[in-house]
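# Analysis of the macromolecular model
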Amino acid sequence: MQIIEVHTKSRPSTVYCGEGAYARAEEFLRDKDTFIVTDTNVYRLYGEKLRADFPSARICVVKAGERHKNKATLFQILDEMLQAQLHRNSVVAAVGGGVVGDMAGFAASVYMRGTRLVQIPTTLLSQVDSSVGGKTAIDYGGVKNVLGAFYQPEYVFCDPVFLQTLPPREIKCGWGEIIKTGVLDAKIGDRILENASRLYDLQFMKEIVADCIRFKANVVEQDETEKSGVRKCLNLGHTTGHALELKYGRRSHGEYVLIGMWLESVIAEREGVCTAEYAARVRELIALAQKRIPAFADARSVVKYALLDKKNSEKGIVDMILPKARGEYAEYRLSAEKYAQYLTLLQERQA
Ligand SMILES: NC(=O)c1ccc[n+]([C@@H]2O[C@H](COP(=O)([O-])OP(=O)(O)OC[C@H]3O[C@@H](n4cnc5c(N)ncnc54)[C@H](O)[C@@H]3O)[C@@H](O)[C@H]2O)c1
Ligand SMILES: [Zn+2]
(Lines give C-alpha, C1' and ligand atoms only; values in the text may rest on other atoms or scores of the structure.)
(Ligands and ions follow the chains in the order given, each with its own letter.)
Protein backbone atom coordinates (compact mmCIF):
# COMPACT_ATOMS: atom_id res chain seq x y z
CA MET A 1 0.00 0.00 0.00
CA GLN A 2 1.23 3.49 -0.80
CA ILE A 3 0.71 6.56 1.33
CA ILE A 4 0.47 9.82 -0.57
CA GLU A 5 0.36 13.10 1.31
CA VAL A 6 -1.47 15.99 -0.32
CA HIS A 7 -0.08 19.19 1.17
CA THR A 8 -2.96 21.57 0.58
CA LYS A 9 -3.13 24.86 2.47
CA SER A 10 -6.72 24.60 3.72
CA ARG A 11 -6.22 21.13 5.16
CA PRO A 12 -3.72 18.43 4.19
CA SER A 13 -5.05 15.02 3.13
CA THR A 14 -3.50 11.60 3.38
CA VAL A 15 -4.30 9.07 0.68
CA TYR A 16 -3.92 5.36 1.41
CA CYS A 17 -3.76 3.66 -1.92
CA GLY A 18 -3.68 -0.09 -2.59
CA GLU A 19 -4.66 -3.31 -0.84
CA GLY A 20 -5.26 -2.73 2.84
CA ALA A 21 -6.56 0.83 2.41
CA TYR A 22 -10.08 -0.22 3.39
CA ALA A 23 -8.71 -1.86 6.55
CA ARG A 24 -7.15 1.51 7.40
CA ALA A 25 -10.57 3.12 7.00
CA GLU A 26 -12.03 0.59 9.42
CA GLU A 27 -9.31 1.39 11.92
CA PHE A 28 -9.74 5.14 11.56
CA LEU A 29 -13.54 5.15 11.78
CA ARG A 30 -13.84 2.57 14.56
CA ASP A 31 -14.11 5.03 17.43
CA LYS A 32 -15.72 7.91 15.47
CA ASP A 33 -19.30 9.09 15.15
CA THR A 34 -19.57 7.99 11.53
CA PHE A 35 -22.15 8.86 8.90
CA ILE A 36 -21.75 6.87 5.69
CA VAL A 37 -23.15 8.20 2.40
CA THR A 38 -23.44 5.69 -0.40
CA ASP A 39 -25.70 4.99 -3.39
CA THR A 40 -28.22 2.26 -4.16
CA ASN A 41 -25.87 0.25 -6.38
CA VAL A 42 -22.95 0.32 -3.98
CA TYR A 43 -25.32 -0.46 -1.10
CA ARG A 44 -26.68 -3.47 -2.97
CA LEU A 45 -23.14 -4.81 -3.41
CA TYR A 46 -21.50 -3.71 -0.17
CA GLY A 47 -24.31 -2.73 2.22
CA GLU A 48 -24.04 -5.88 4.30
CA LYS A 49 -20.29 -5.51 4.56
CA LEU A 50 -20.59 -1.86 5.56
CA ARG A 51 -23.14 -2.75 8.25
CA ALA A 52 -20.85 -5.48 9.58
CA ASP A 53 -17.64 -3.42 9.42
CA PHE A 54 -19.14 -0.19 10.78
CA PRO A 55 -21.88 -1.41 13.14
CA SER A 56 -22.50 1.92 14.84
CA ALA A 57 -22.42 4.06 11.69
CA ARG A 58 -25.57 5.60 10.22
CA ILE A 59 -25.89 4.86 6.50
CA CYS A 60 -27.55 7.27 4.09
CA VAL A 61 -28.37 5.66 0.75
CA VAL A 62 -29.00 7.98 -2.19
CA LYS A 63 -30.25 7.16 -5.68
CA ALA A 64 -27.39 6.19 -8.00
CA GLY A 65 -26.42 8.19 -11.07
CA GLU A 66 -25.41 11.62 -12.28
CA ARG A 67 -29.02 12.72 -12.74
CA HIS A 68 -29.45 12.51 -8.98
CA LYS A 69 -26.43 14.73 -8.30
CA ASN A 70 -28.84 17.52 -7.54
CA LYS A 71 -30.42 19.75 -4.95
CA ALA A 72 -32.97 17.12 -3.85
CA THR A 73 -30.29 14.53 -3.07
CA LEU A 74 -28.04 17.07 -1.37
CA PHE A 75 -30.92 18.03 0.94
CA GLN A 76 -31.76 14.36 1.53
CA ILE A 77 -28.20 13.91 2.81
CA LEU A 78 -28.37 17.09 4.92
CA ASP A 79 -31.76 16.11 6.37
CA GLU A 80 -30.45 12.71 7.37
CA MET A 81 -27.32 14.29 8.87
CA LEU A 82 -29.52 16.55 10.95
CA GLN A 83 -31.78 13.67 12.02
CA ALA A 84 -28.69 11.72 13.03
CA GLN A 85 -27.68 14.75 15.14
CA LEU A 86 -24.23 14.89 13.67
CA HIS A 87 -21.87 17.36 15.27
CA ARG A 88 -18.78 18.97 13.84
CA ASN A 89 -16.57 16.20 15.06
CA SER A 90 -18.66 13.52 13.36
CA VAL A 91 -17.12 12.01 10.25
CA VAL A 92 -18.92 11.84 6.93
CA ALA A 93 -17.58 8.89 4.93
CA ALA A 94 -18.40 8.93 1.22
CA VAL A 95 -18.44 5.33 -0.02
CA GLY A 96 -19.05 5.31 -3.75
CA GLY A 97 -18.11 6.86 -7.05
CA GLY A 98 -17.57 10.50 -7.92
CA VAL A 99 -21.26 11.36 -7.67
CA VAL A 100 -21.49 10.22 -4.04
CA GLY A 101 -18.08 11.71 -3.25
CA ASP A 102 -18.95 15.13 -4.69
CA MET A 103 -22.35 15.31 -2.97
CA ALA A 104 -21.29 13.92 0.42
CA GLY A 105 -18.28 16.23 0.31
CA PHE A 106 -20.48 19.23 -0.41
CA ALA A 107 -22.90 18.25 2.38
CA ALA A 108 -19.95 17.87 4.79
CA SER A 109 -18.65 21.30 3.80
CA VAL A 110 -21.89 23.15 4.59
CA TYR A 111 -23.29 21.17 7.54
CA MET A 112 -22.48 23.28 10.60
CA ARG A 113 -20.01 25.08 8.33
CA GLY A 114 -17.97 21.91 8.08
CA THR A 115 -17.90 18.39 9.49
CA ARG A 116 -15.04 15.96 9.11
CA LEU A 117 -14.83 14.09 5.81
CA VAL A 118 -13.18 10.96 4.45
CA GLN A 119 -13.51 9.54 0.97
CA ILE A 120 -13.68 5.80 0.23
CA PRO A 121 -13.84 5.82 -3.57
CA THR A 122 -15.26 2.70 -5.20
CA THR A 123 -15.03 3.46 -8.93
CA LEU A 124 -11.88 3.72 -11.01
CA LEU A 125 -12.77 7.32 -11.85
CA SER A 126 -13.24 8.34 -8.24
CA GLN A 127 -10.01 6.59 -7.23
CA VAL A 128 -7.84 8.27 -9.86
CA ASP A 129 -9.53 11.63 -9.79
CA SER A 130 -12.57 12.87 -7.91
CA SER A 131 -11.78 11.65 -4.37
CA VAL A 132 -8.53 13.62 -4.30
CA GLY A 133 -8.26 17.38 -4.48
CA GLY A 134 -11.25 18.60 -2.51
CA LYS A 135 -13.66 19.68 -5.23
CA THR A 136 -17.24 19.00 -4.19
CA ALA A 137 -20.42 19.93 -6.04
CA ILE A 138 -23.89 19.30 -7.33
CA ASP A 139 -25.33 20.07 -10.76
CA TYR A 140 -27.93 22.84 -10.83
CA GLY A 141 -29.90 24.81 -13.39
CA GLY A 142 -28.59 22.65 -16.21
CA VAL A 143 -24.97 23.42 -15.34
CA LYS A 144 -22.58 20.75 -14.14
CA ASN A 145 -20.94 21.21 -10.75
CA VAL A 146 -22.09 24.81 -10.56
CA LEU A 147 -22.82 24.77 -6.81
CA GLY A 148 -20.00 23.50 -4.68
CA ALA A 149 -17.08 24.11 -2.41
CA PHE A 150 -13.42 23.29 -2.09
CA TYR A 151 -13.33 20.98 0.89
CA GLN A 152 -10.44 18.61 1.48
CA PRO A 153 -11.05 15.17 2.95
CA GLU A 154 -8.85 14.27 5.90
CA TYR A 155 -8.22 10.85 4.42
CA VAL A 156 -8.84 9.05 1.17
CA PHE A 157 -8.90 5.26 1.42
CA CYS A 158 -8.47 3.98 -2.08
CA ASP A 159 -8.72 0.20 -2.15
CA PRO A 160 -8.65 -1.86 -5.39
CA VAL A 161 -10.97 -4.43 -3.83
CA PHE A 162 -13.94 -2.35 -5.03
CA LEU A 163 -12.81 -2.35 -8.65
CA GLN A 164 -13.60 -6.06 -8.98
CA THR A 165 -17.33 -5.44 -9.15
CA LEU A 166 -17.16 -2.52 -11.58
CA PRO A 167 -18.87 -3.10 -14.93
CA PRO A 168 -16.65 -2.55 -18.03
CA ARG A 169 -18.53 0.68 -18.84
CA GLU A 170 -17.38 2.17 -15.53
CA ILE A 171 -13.82 0.95 -16.01
CA LYS A 172 -13.78 2.67 -19.38
CA CYS A 173 -15.12 5.78 -17.66
CA GLY A 174 -12.12 5.75 -15.29
CA TRP A 175 -9.81 5.36 -18.25
CA GLY A 176 -11.17 8.63 -19.62
CA GLU A 177 -9.58 10.51 -16.70
CA ILE A 178 -6.47 8.28 -16.67
CA ILE A 179 -5.83 8.99 -20.35
CA LYS A 180 -6.37 12.69 -19.68
CA THR A 181 -3.64 12.40 -17.04
CA GLY A 182 -1.50 10.53 -19.58
CA VAL A 183 -1.82 13.45 -21.99
CA LEU A 184 -0.84 15.91 -19.26
CA ASP A 185 2.03 13.81 -17.90
CA ALA A 186 4.32 12.32 -20.53
CA LYS A 187 5.65 9.51 -18.30
CA ILE A 188 2.15 8.33 -17.42
CA GLY A 189 1.25 8.55 -21.13
CA ASP A 190 4.26 6.37 -22.07
CA ARG A 191 3.34 3.88 -19.40
CA ILE A 192 -0.23 3.59 -20.71
CA LEU A 193 0.97 3.08 -24.29
CA GLU A 194 3.49 0.43 -23.15
CA ASN A 195 0.70 -1.43 -21.34
CA ALA A 196 -1.98 -0.94 -23.98
CA SER A 197 -3.25 -4.51 -23.72
CA ARG A 198 -3.62 -4.37 -19.92
CA LEU A 199 -6.20 -1.62 -19.50
CA TYR A 200 -8.76 -3.96 -17.91
CA ASP A 201 -6.16 -5.86 -15.88
CA LEU A 202 -6.65 -5.23 -12.15
CA GLN A 203 -2.92 -5.27 -11.45
CA PHE A 204 -2.26 -2.54 -14.00
CA MET A 205 -5.19 -0.49 -12.75
CA LYS A 206 -3.73 -0.65 -9.23
CA GLU A 207 -0.39 0.66 -10.46
CA ILE A 208 -1.77 3.47 -12.57
CA VAL A 209 -4.18 4.67 -9.84
CA ALA A 210 -1.26 5.57 -7.59
CA ASP A 211 0.55 7.35 -10.45
CA CYS A 212 -2.54 9.41 -11.26
CA ILE A 213 -3.14 10.33 -7.61
CA ARG A 214 0.48 11.49 -7.28
CA PHE A 215 0.11 13.61 -10.40
CA LYS A 216 -3.14 15.14 -9.21
CA ALA A 217 -1.80 15.75 -5.69
CA ASN A 218 1.10 17.68 -7.17
CA VAL A 219 -1.21 19.87 -9.27
CA VAL A 220 -3.61 20.50 -6.39
CA GLU A 221 -0.78 21.41 -4.02
CA GLN A 222 0.29 24.16 -6.42
CA ASP A 223 -3.19 25.54 -7.02
CA GLU A 224 -5.75 24.22 -4.56
CA THR A 225 -8.59 26.56 -5.53
CA GLU A 226 -7.83 26.96 -9.24
CA LYS A 227 -6.60 30.53 -8.81
CA SER A 228 -3.14 30.49 -10.34
CA GLY A 229 -4.26 28.49 -13.34
CA VAL A 230 -2.15 25.36 -12.77
CA ARG A 231 -5.19 23.29 -11.75
CA LYS A 232 -7.05 24.29 -14.91
CA CYS A 233 -4.99 21.68 -16.80
CA LEU A 234 -7.21 18.99 -15.24
CA ASN A 235 -10.02 20.31 -17.44
CA LEU A 236 -8.41 18.95 -20.59
CA GLY A 237 -11.16 17.37 -22.70
CA HIS A 238 -13.79 18.67 -20.28
CA THR A 239 -14.96 21.78 -22.15
CA THR A 240 -16.40 19.65 -24.91
CA GLY A 241 -16.89 16.64 -22.63
CA HIS A 242 -19.11 18.47 -20.15
CA ALA A 243 -21.06 20.23 -22.89
CA LEU A 244 -21.78 16.91 -24.64
CA GLU A 245 -22.66 15.33 -21.31
CA LEU A 246 -25.18 18.09 -20.61
CA LYS A 247 -26.83 17.88 -23.99
CA TYR A 248 -26.86 14.12 -24.57
CA GLY A 249 -26.16 12.60 -21.14
CA ARG A 250 -26.34 8.91 -22.09
CA ARG A 251 -22.70 7.91 -22.01
CA SER A 252 -20.47 8.04 -18.95
CA HIS A 253 -18.56 11.15 -17.86
CA GLY A 254 -15.24 9.52 -18.79
CA GLU A 255 -16.45 8.60 -22.24
CA TYR A 256 -17.52 12.19 -22.91
CA VAL A 257 -14.08 13.30 -21.71
CA LEU A 258 -12.44 10.92 -24.21
CA ILE A 259 -14.63 12.27 -27.03
CA GLY A 260 -13.96 15.83 -25.84
CA MET A 261 -10.21 15.23 -25.86
CA TRP A 262 -10.47 13.82 -29.36
CA LEU A 263 -12.18 16.96 -30.68
CA GLU A 264 -9.86 19.23 -28.73
CA SER A 265 -6.80 17.42 -30.16
CA VAL A 266 -8.16 18.21 -33.62
CA ILE A 267 -8.70 21.84 -32.61
CA ALA A 268 -5.15 22.00 -31.19
CA GLU A 269 -3.73 20.65 -34.42
CA ARG A 270 -5.76 22.89 -36.73
CA GLU A 271 -5.17 26.00 -34.63
CA GLY A 272 -1.43 25.32 -34.67
CA VAL A 273 -1.22 24.76 -30.90
CA CYS A 274 0.42 21.35 -31.37
CA THR A 275 2.04 19.45 -34.21
CA ALA A 276 0.21 16.83 -36.23
CA GLU A 277 2.56 14.20 -34.73
CA TYR A 278 1.70 15.19 -31.21
CA ALA A 279 -2.03 15.29 -31.94
CA ALA A 280 -1.66 11.77 -33.37
CA ARG A 281 -0.06 10.60 -30.09
CA VAL A 282 -2.97 12.08 -28.13
CA ARG A 283 -5.44 10.30 -30.39
CA GLU A 284 -3.45 7.06 -30.08
CA LEU A 285 -3.90 7.26 -26.32
CA ILE A 286 -7.62 8.06 -26.67
CA ALA A 287 -8.14 5.17 -29.09
CA LEU A 288 -6.96 2.70 -26.44
CA ALA A 289 -10.19 3.31 -24.55
CA GLN A 290 -12.44 4.87 -27.21
CA LYS A 291 -12.01 3.02 -30.47
CA ARG A 292 -14.65 4.91 -32.37
CA ILE A 293 -15.75 8.51 -32.06
CA PRO A 294 -19.54 8.44 -32.44
CA ALA A 295 -21.54 10.91 -34.48
CA PHE A 296 -23.85 13.27 -32.58
CA ALA A 297 -26.99 14.77 -34.07
CA ASP A 298 -26.95 18.57 -34.04
CA ALA A 299 -23.58 18.68 -32.23
CA ARG A 300 -23.18 22.31 -33.26
CA SER A 301 -25.83 23.33 -30.77
CA VAL A 302 -23.66 22.02 -27.92
CA VAL A 303 -21.90 25.37 -28.05
CA LYS A 304 -24.57 26.89 -25.80
CA TYR A 305 -23.59 24.51 -23.01
CA ALA A 306 -19.90 25.24 -23.51
CA LEU A 307 -20.67 28.94 -23.10
CA LEU A 308 -21.94 28.18 -19.56
CA ASP A 309 -18.62 26.59 -18.57
CA LYS A 310 -17.12 27.94 -15.33
CA LYS A 311 -13.69 28.34 -16.98
CA ASN A 312 -14.89 30.99 -19.43
CA SER A 313 -13.66 34.47 -18.72
CA GLU A 314 -15.51 36.47 -21.37
CA LYS A 315 -19.00 36.45 -22.87
CA GLY A 316 -19.24 34.69 -26.23
CA ILE A 317 -15.82 33.05 -25.90
CA VAL A 318 -15.13 29.42 -25.04
CA ASP A 319 -12.00 28.82 -22.93
CA MET A 320 -10.36 25.43 -23.15
CA ILE A 321 -7.21 23.54 -22.30
CA LEU A 322 -5.49 22.12 -25.36
CA PRO A 323 -2.65 19.61 -25.65
CA LYS A 324 0.53 21.35 -26.77
CA ALA A 325 3.51 19.00 -26.59
CA ARG A 326 4.74 16.13 -24.40
CA GLY A 327 3.59 16.99 -20.90
CA GLU A 328 2.59 20.52 -21.94
CA TYR A 329 -0.76 22.13 -22.38
CA ALA A 330 -2.05 25.52 -23.45
CA GLU A 331 -4.97 27.67 -22.37
CA TYR A 332 -6.84 28.57 -25.53
CA ARG A 333 -9.85 30.73 -26.35
CA LEU A 334 -12.15 30.33 -29.32
CA SER A 335 -15.10 32.42 -30.39
CA ALA A 336 -18.42 30.62 -30.02
CA GLU A 337 -18.81 30.77 -33.81
CA LYS A 338 -15.49 29.07 -34.50
CA TYR A 339 -16.01 26.48 -31.78
CA ALA A 340 -19.45 25.66 -33.24
CA GLN A 341 -17.76 24.99 -36.59
CA TYR A 342 -15.37 22.54 -34.96
CA LEU A 343 -18.30 20.84 -33.24
CA THR A 344 -19.72 19.91 -36.62
CA LEU A 345 -16.82 17.46 -36.92
CA LEU A 346 -18.63 15.40 -34.31
CA GLN A 347 -21.81 15.67 -36.32
CA GLU A 348 -20.39 14.38 -39.57
CA ARG A 349 -17.69 12.12 -38.39
CA GLN A 350 -17.72 8.36 -38.04
CA ALA A 351 -14.13 7.50 -37.04
N1 LIG B 1 -14.50 16.33 -7.57
C2 LIG B 1 -13.71 16.15 -8.60
O3 LIG B 1 -12.57 16.63 -8.63
C4 LIG B 1 -14.20 15.35 -9.77
C5 LIG B 1 -13.30 14.89 -10.74
C6 LIG B 1 -13.79 14.08 -11.76
C7 LIG B 1 -15.14 13.73 -11.79
N8 LIG B 1 -15.97 14.21 -10.85
C9 LIG B 1 -17.38 13.84 -10.84
O10 LIG B 1 -17.47 12.43 -10.64
C11 LIG B 1 -18.69 11.97 -11.19
C12 LIG B 1 -18.44 10.69 -11.94
O13 LIG B 1 -17.97 9.73 -11.03
P14 LIG B 1 -18.12 8.18 -11.34
O15 LIG B 1 -17.71 7.90 -12.72
O16 LIG B 1 -17.45 7.47 -10.21
O17 LIG B 1 -19.72 7.99 -11.33
P18 LIG B 1 -20.77 7.40 -10.28
O19 LIG B 1 -20.49 7.86 -8.92
O20 LIG B 1 -22.10 7.67 -10.85
O21 LIG B 1 -20.49 5.83 -10.35
C22 LIG B 1 -20.72 5.15 -11.55
C23 LIG B 1 -21.66 3.95 -11.34
O24 LIG B 1 -20.93 2.90 -10.71
C25 LIG B 1 -21.66 2.42 -9.57
N26 LIG B 1 -20.65 1.91 -8.66
C27 LIG B 1 -19.87 2.62 -7.80
N28 LIG B 1 -18.96 1.81 -7.23
C29 LIG B 1 -19.17 0.57 -7.72
C30 LIG B 1 -18.52 -0.68 -7.52
N31 LIG B 1 -17.45 -0.82 -6.72
N32 LIG B 1 -18.99 -1.77 -8.19
C33 LIG B 1 -20.05 -1.63 -9.05
N34 LIG B 1 -20.69 -0.47 -9.29
C35 LIG B 1 -20.24 0.63 -8.63
C36 LIG B 1 -22.45 3.62 -9.13
O37 LIG B 1 -23.58 3.24 -8.38
C38 LIG B 1 -22.85 4.25 -10.45
O39 LIG B 1 -23.97 3.61 -10.99
C40 LIG B 1 -19.23 13.09 -12.06
O41 LIG B 1 -20.32 13.68 -11.40
C42 LIG B 1 -18.08 14.09 -12.15
O43 LIG B 1 -18.50 15.41 -12.26
C44 LIG B 1 -15.54 14.99 -9.83
ZN1 LIG C 1 -13.75 14.63 -15.22
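Relevant structure appears above.
## With respect to the overall build of the protein chain
Helix and strand counts for the protein chain come out as 13 helices and 11 strands. At 20 Å, the protein chain has a C-alpha radius of gyration in line with the 20 Å of a compact globule built from 351 residues. Along the first, second and third principal axes, the C-alpha set of the protein chain runs to 60 × 40 × 35 Å. Out of the 351 residues belonging to the protein chain, those deemed buried represent 58%. In the protein chain, 72% of the contacts between residues at least 6 apart in sequence involve partners at least 24 apart. Here the protein chain displays about 14,600 Å² of accessible surface, and carbon together with sulfur accounts for 50% of that area. Computing the positive centroid from 48 side-chain charges and the negative centroid from 44, the protein chain places the two 3 Å apart.

## Topic: the environment of N89
In this structure, N89 sits in the loop between α3 (71-83) and β5 (91-96). Note on N89: relative accessible area 47%, which makes it partly exposed. At a separation of 3.4 Å, a polar atom in the side chain of N89 contacts the side chain of R116.

## A look at unusual backbone geometry
Negative phi is the rule for most residues except glycine; trans is the rule for most peptide bonds. In this model, Q85 sits at a positive phi of 55°, which is unusual for a non-glycine residue. On the secondary structure map, Q85 appears in the loop between α3 and β5. Exposure remark for Q85: the relative accessible area of 67% places this residue in the exposed category. You will see that N145, though not glycine, has its phi angle at about 55°, which is positive. Inspection of the secondary structure assignment puts N145 in strand β8 (residues 143-150). The exposure class assigned to N145 is buried, which follows from its relative accessible area of 18%.

## A few points about the packing of α3 against helix α4 (residues 98-110)
To describe two helices that pack against each other, one gives the angle between their axes and the distance between the axes. Closest axis-to-axis distance for the α3/α4 pair is 10 Å, and the angle between their directions is 50°. On the basis of the axis angle, α3 is oblique to α4. Like other packed secondary-structure pairs, α3 and α4 cross with a definite hand, here right-handed. Here T73, L74, I77, L78 and M81 of α3 lie close against α4, whose contacting residues are M103, A104, F106, A107, A108 and V110.

## Digging into the coordination of the zinc ion (ligand 2)
Every protein donor of the zinc ion (ligand 2) is accounted for by E177 (OE), H238 (NE2) and H253 (NE2), and the metal-donor separations fall at 1.8 to 2.1 Å. Between consecutive donor residues of the zinc ion (ligand 2), the sequence gaps follow E-x60-H-x14-H. In this pair, E177 is assigned in helix α6 (residues 168-184) and H238 in helix α9 (residues 238-247), connecting sequence segments 61 residues apart. H238 sits in the buried class, given a relative accessible area of 5%.

## Quick notes on the site of ligand 1
Taken together, 29 residues lie around ligand 1, and D39, E66, T122, T123 and T165 are the ones closest in. At 3.0 Å, a side-chain N or O of K144 approaches an oxygen atom of ligand 1. Contact distances for ligand 1 include 2.7 Å between a nitrogen atom and a side-chain N or O atom of T165. For ligand 1, whose free accessible area comes to 880 Å², the fraction covered by protein is 91%. Those elements giving two or more residues to the shell around ligand 1 turn out to be α2 (40-53), α4, α5 (124-130), β8 and α6. Of the residues forming the shell around ligand 1, the biggest block, 4 residues, is contributed by α2. Split into classes, the residues belonging to the shell around ligand 1 amount to 10 nonpolar, 9 polar and 10 charged. Two domains share the shell around ligand 1, each providing at least three of its residues, namely domain 1 (2-165) and domain 2 (168-348).

Conventions used here
- Residues numbered from 1 in each chain as written.
- Chains lettered and ligands numbered in written order.
- Predicted model: local features only at pLDDT ≥ 70, side-chain atom pairs only at ≥ 80, totals over all residues.
- Heavy atoms only, no water.
- Helix = DSSP H or I, 4+ residues; strand = E, 2+ residues; numbered from the N terminus.
- Rg over C-alpha atoms; globule rule 2.2 N^0.38 Å.
- Buried < 20%, exposed > 50% of the residue type's maximum accessible area, 1.4 Å probe, protein only.
- Contact = heavy atoms within 4.5 Å.
- Areas by Shrake-Rupley, 256 points an atom, 1.4 Å probe, with all protein chains shown as cover.
- Lys, Arg positive; Asp, Glu negative; His and termini not counted.
- Charge placed at Lys NZ, Arg CZ, Asp CG, Glu CD.
- Polar contact = N/O pair within 3.5 Å; in protein donor to acceptor, adjacent residues only side chain to side chain.
- Axes fitted to C-alpha atoms, helices over the stretch in contact; angles between N-to-C directions.
- Parallel < 35°, antiparallel > 145°, perpendicular 65-115°, else oblique.
- Left-handed = near helix turned anticlockwise from the far one by under 90°.
- Donors = N, O, S within 2.8 Å, 3.2 Å for Na, K, Ca; no water.
- Near = heavy atom within 4 Å.
- Nonpolar A, V, L, I, M, F, W, Y, C, P; charged D, E, K, R; others polar.
- Domains from an automatic or database assignment.

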